[in-house]
Amino acid sequence: MIVLTGPTGNIGTELLLRLSAEADPPPYRIAAHSPERLRARLGRDLPAVAFDYDDRSTWPAVLDGATSLFLLFPLPSPRTVRTRMEPFIDAAVAAGVRHIVYISVPGAQAGPIVPHNRVENRIRAGGADFTILRCGFFMQNLCRAVSTHGVDIVERGEVFIPAGRGRTAFLDARDVAEAVRTVLDDPAAHAGRTYTLTGPESLDMDEAASLLSTALERPVRYTRPSPPRFAARLLRRGVSWDTVGFMAIVYTLTRWNRNAALTATLPELLGRPATTMAEWARDYRAVFDERAWT
């Protein structure tokens, strides 16, 4: 039994779509904050159960019979490492989970200043096999409801991200979901491995805006906002302080070119080239045209 956390996140959504479309998928269970809302959104009779990291009474039903766990860290912070992630990892191993696939970030090895570092260490010490996927910046972040970047792109013709002139190796979540599915299909082949996954090209935000302009057939420019101006706009929209703070950390790392490095690992896992930004933007044009933020 595979358990999927984070079914509305970038990778979780794509992984769920892949599994639900398979003619003969492996047994799986979706750990969802709101199973009813998830079923209404995707229009399927999904095997979802209620799950809340902060309500441990929901954990037994999620983990019952589980052998593999796809694990996401929602809004990482030192506090939630202690209150959510470490106890849940311990509970999963105690319940019989034998393999954990964890989505981490590049640079997590740098030390405990990065919350994912402590989660990785807990997984390694927990006794189950594991595969850690350190993922860069997802292209889908440009059209997520939680980021509101799509609103700026469509209504203002702006990529409104405080990344300065930094470059980032934009990554398609669909590719990562396919890689996760490969790992889950043959976990023994990937046990104990840590992979850093990136897209095929390192772009600055001016280049990303130009590619969006071409795909969407409308002017999009990068306005290079300051971090305070960025935070003020998102907070006025009702984006939470936690979300704004997390994005600010990500974009500060981008300003410093910490998300610019490329690896060839993703194509090796996929057996094909990784998706380019131009390809992604063409595929997602309808999301921007219809404001169908995910």
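Residues numbered from 1 in each chain as written. Predicted model: local features only at pLDDT ≥ 70, side-chain atom pairs only at ≥ 80, totals over all residues. Heavy atoms only, no water.

S.K.: Help me understand the overall build of the protein chain, please; the structure alone is not making it clear to me.
M.R.: Helix and strand content of the protein chain: 13 helices and eleven strands. Against the globule reference of 19 Å for 294 residues, the protein chain gives a C-alpha radius of gyration of 19 Å, in line with a compact fold. For the protein chain, the C-alpha atoms occupy an extent of roughly 50 × 40 × 40 Å along the three principal directions. Scored against the burial criterion, the 294 residues of the protein chain give a buried share of 53%. Relative to all contacts within the protein chain whose residues are 6 or more apart in sequence, the contacts with residues 24 or more apart total 76%. Positive and negative charge centroids in the protein chain, built from 35 and 32 side chains respectively, lie 7 Å apart. (Helix = DSSP H or I, 4+ residues; strand = E, 2+ residues; numbered from the N terminus. Rg over C-alpha atoms; globule rule 2.2 N^0.38 Å. Buried < 20%, exposed > 50% of the residue type's maximum accessible area, 1.4 Å probe, protein only. Contact = heavy atoms within 4.5 Å. Lys, Arg positive; Asp, Glu negative; His and termini not counted. Charge placed at Lys NZ, Arg CZ, Asp CG, Glu CD.)

S.K.: I'm lost on the sheet that holds strand β1 (residues 2-4) in this one. Help?
M.R.: One key point about sheets: their strands pair by backbone hydrogen bonds, in either a parallel or an antiparallel sense. Read across the sheet, seven strands follow the order β3-β2-β1-β4-β5-β6-β9 without closing on themselves; strand pairing throughout is parallel. Two strands close off the open sheet at either side, each with one partner strand: β3 (48-50) and β9 (193-197). Here the average twist between neighbouring strands, direction ignored, is 20°. Sheet topology places β1 next to strand β4 (residues 68-71); three bridges connect them, and they run parallel. Counterpart to Leu-4 in the pairing with β4 is Phe-70. Sheet strands touched by helix α2 (residues 35-42): β2 (28-32) and β3. Its angle to β3, the strand with the most contacts, is close to 150°. Across the sheet, helix α4 (residues 78-95) lies against β4 and β5 (99-104), angled at about 165° from β4, the strand it touches most. (Pairing = 2+ DSSP bridges. Axes fitted to C-alpha atoms, helices over the stretch in contact; angles between N-to-C directions.)

S.K.: Would you mind going over the side chain of Asn-10 with me for this structure?
M.R.: Mapped onto the secondary structure, Asn-10 falls in helix α1 (residues 10-21). Only 2.8 Å separates the side chain of Asn-10 from the side chain of Asn-141, close enough to count as a polar contact. Looking at Asn-10, its side chain comes within polar contact range of the side chain of Arg-144, at 3.2 Å. Apart from the residues within four sequence positions on either side, Asn-10 is in contact with Phe-138, Gln-140, Asn-141, Arg-144 and Ala-173. (Polar contact = N/O pair within 3.5 Å; in protein donor to acceptor, adjacent residues only side chain to side chain.)

S.K.: In this structure, what is going on with the pattern of salt bridges? I would like to understand it.
M.R.: Evaluated as defined, the whole model comprises 22 salt bridges. For the salt bridge of Glu-86 with Arg-118, the shortest nitrogen-to-oxygen distance reads 3.3 Å. You can see Glu-86 sitting in helix α4 and its partner Arg-118 sitting in helix α5 (residues 115-125), a full 32 residues away along the chain. Under the relative-accessibility criterion, Glu-86 is labelled buried at 11%. Put simply, Asp-204 and Arg-167 hold a salt bridge, and the shortest N to O gap is 3.7 Å. With a gap of 37 residues between them, Asp-204 in strand β10 (residues 203-204) and Arg-167 in strand β8 (residues 167-168) connect regions that are remote in the sequence. Residue Arg-167 is classed as partly exposed on the basis of its relative accessible area, which comes to 28%. Via salt bridges that share partners, Asp-152, Arg-156, Glu-158, Arg-233 and Arg-237 belong to a single interconnected network. (Salt bridge = Lys/Arg side-chain N within 4 Å of Asp/Glu carboxyl O.)

S.K.: Could you clarify how one ought to interpret the pairing of strand β6 (residues 129-135) in this entry?
M.R.: Walk down a regular strand and you will see the side chains alternate between the two sheet faces. By the criterion of burial, β6 is predominantly enclosed, with six of the seven residues buried. Pairing between β5 and β6: six bridges, direction parallel. If you follow His-99 over to β6, its bridge partner there is Asp-129. Both β6 and β9 contribute to a ladder of five bridges, which runs parallel. When the bridges of β9 are listed, Cys-135 appears paired with Leu-197.

S.K.: What is the right way to look at helix α6 (residues 149-156) in this model?
M.R.: Residues spaced three or four apart along an α-helix face the same direction, because each turn holds 3.6 residues. For α6, the complete set of buried residues consists of His-149, Gly-150, Asp-152, Ile-153 and Val-154. The positive-phi residue at the C-terminal boundary of α6 is Gly-157, with phi of around 65°.

S.K.: I would appreciate a short explanation of the packing of aromatic side chains in the present structure.
M.R.: How two aromatic rings sit relative to each other is given by the distance of their centres and the angle of their planes. One pass over the structure, following the stated rule, counts eleven aromatic pairs. Between the aromatic rings of Phe-230 and Tyr-251, the centroid separation amounts to 5.7 Å while the plane-to-plane angle is 90°, which identifies the pairing as edge-to-face. Of this pair, Phe-230 sits in helix α9 (residues 227-236) while Tyr-251 sits in helix α10 (residues 241-255), and the two are 21 residues apart along the sequence. Overall, Phe-230 belongs to the buried group, its relative accessible area being 1%. Residue classification places Tyr-251 among the buried positions, given a relative accessible area of 2%. In textbook terms, an aromatic cluster arises when at least three aromatic residues are bridged by ring pairs, as seen for Phe-137, Phe-160, Phe-170, Phe-230 and Tyr-251. One Lys or Arg, Arg-233, reaches over the ring of Phe-160 and ends 3.6 Å from the middle of that ring. (Phe/Tyr/Trp six-rings, centres within 6.5 Å; stacked < 30°, edge-to-face > 60°. Lys NZ or Arg CZ within 6 Å of the ring centre and 35° of its normal.)

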